[in-house]
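Letter by letter, the chains look like this.
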Amino acid sequence: MSKKNPFDPAAMSDNVKEQAQQIWLAGLGAFSKAQQEGTKAFEKLVSDGITMQRKVHTTAEEKLAEATQKVTEAAHTLNERATGQWGKLENIFEDRVAKALQGLGVPSAQELKALHERVAALEAQLSKAAKPAAAKKTAAAPKAAVKPAAKAATKPAAKAPTKAPAKSAKK
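Residues numbered from 1 in each chain as written. Predicted model: local features only at pLDDT ≥ 70, side-chain atom pairs only at ≥ 80, totals over all residues. Heavy atoms only, no water.

(A) Main features of the overall build of the protein chain. The secondary structure content of the protein chain amounts to 4 helices and 0 strands. Helices and strands appear in the protein chain in the N-to-C order α-α-α-α. Per element, the accessible surface of the protein chain, about 15600 Å² overall, is 64% carbon and sulfur. (Helix = DSSP H or I, 4+ residues; strand = E, 2+ residues; numbered from the N terminus. Areas by Shrake-Rupley, 256 points an atom, 1.4 Å probe, with all protein chains shown as cover.)

Structure, rendered in structure tokens:
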């Protein structure tokens, strides 16, 4: 039996050469396989990326809709509060202006309305009182032509009593 000496330098170089050749071929095989499966893996990654992008897009739209709704609600609440505060401020301003005007002696809207009503009532009374006087004047018209001086004397006397009650009613 002849055994080869594993430590023989000539045998070693053949052995190393053979192993190096096998390593080289294994590398080429791995590269070839990586190329074949690399294309498949790349296509799979692209497909996964598209799926992920759709999910992210959908999620982003949902979050945007949620945020828009929250902002709208917050704006509505803020608007209600501002309107309420503005109304309060307006009332305070109106009260202060009314007090200042009252202090200056300017009559209020209610006082002016009451005064207008009182003037209207007095005008109605005057017009009722003037109608009977006009009827008396038409009956006295033929006599007035005869006595113009007498008519002038009665006229101021008739006006004086009608104004006196008006002044007393005002006070």
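(B) Quick look at a nonpolar patch on the surface. Nonpolar side chains collect at one region of the surface, where Phe93, Val97, Leu101, Leu104 and Val106 lie side by side and expose about 470 Å² of accessible area between them. Examined against the element boundaries, Val106 turns out to sit in the loop between helix H1 (9-103) and helix H2 (109-139). Overall, the relative accessible area of 38% leaves Val106 in the partly exposed class. (Patch = residues over 30% accessible without salt bridge, like charges linked within 9 Å, V, L, I, M, F, W, Y side chains within 5 Å. Salt bridge = Lys/Arg side-chain N within 4 Å of Asp/Glu carboxyl O. Buried < 20%, exposed > 50% of the residue type's maximum accessible area, 1.4 Å probe, protein only.)

(C) View of the pattern of salt bridges. Counted under the stated rule, the structure contains 2 salt bridges. Across the pair Lys44 and Asp48 runs a salt bridge, and its minimum N-O distance is 3.2 Å. Taken as a pair, Lys44 and Asp48 lie in helix H1 at a separation of 4 residues, close to a single helical turn.

(D) How the structure looks around the confidence of the model for the protein chain. Chain-level pLDDT for the protein chain is 78 on average; 72% of the residues reach the 70-or-more range. This model gives residues 149-171 a pLDDT under 50, and the stretch forms 6 contacts once residues within four places in sequence are excluded. (pLDDT = per-residue confidence, 0-100. Contact = heavy atoms within 4.5 Å.)

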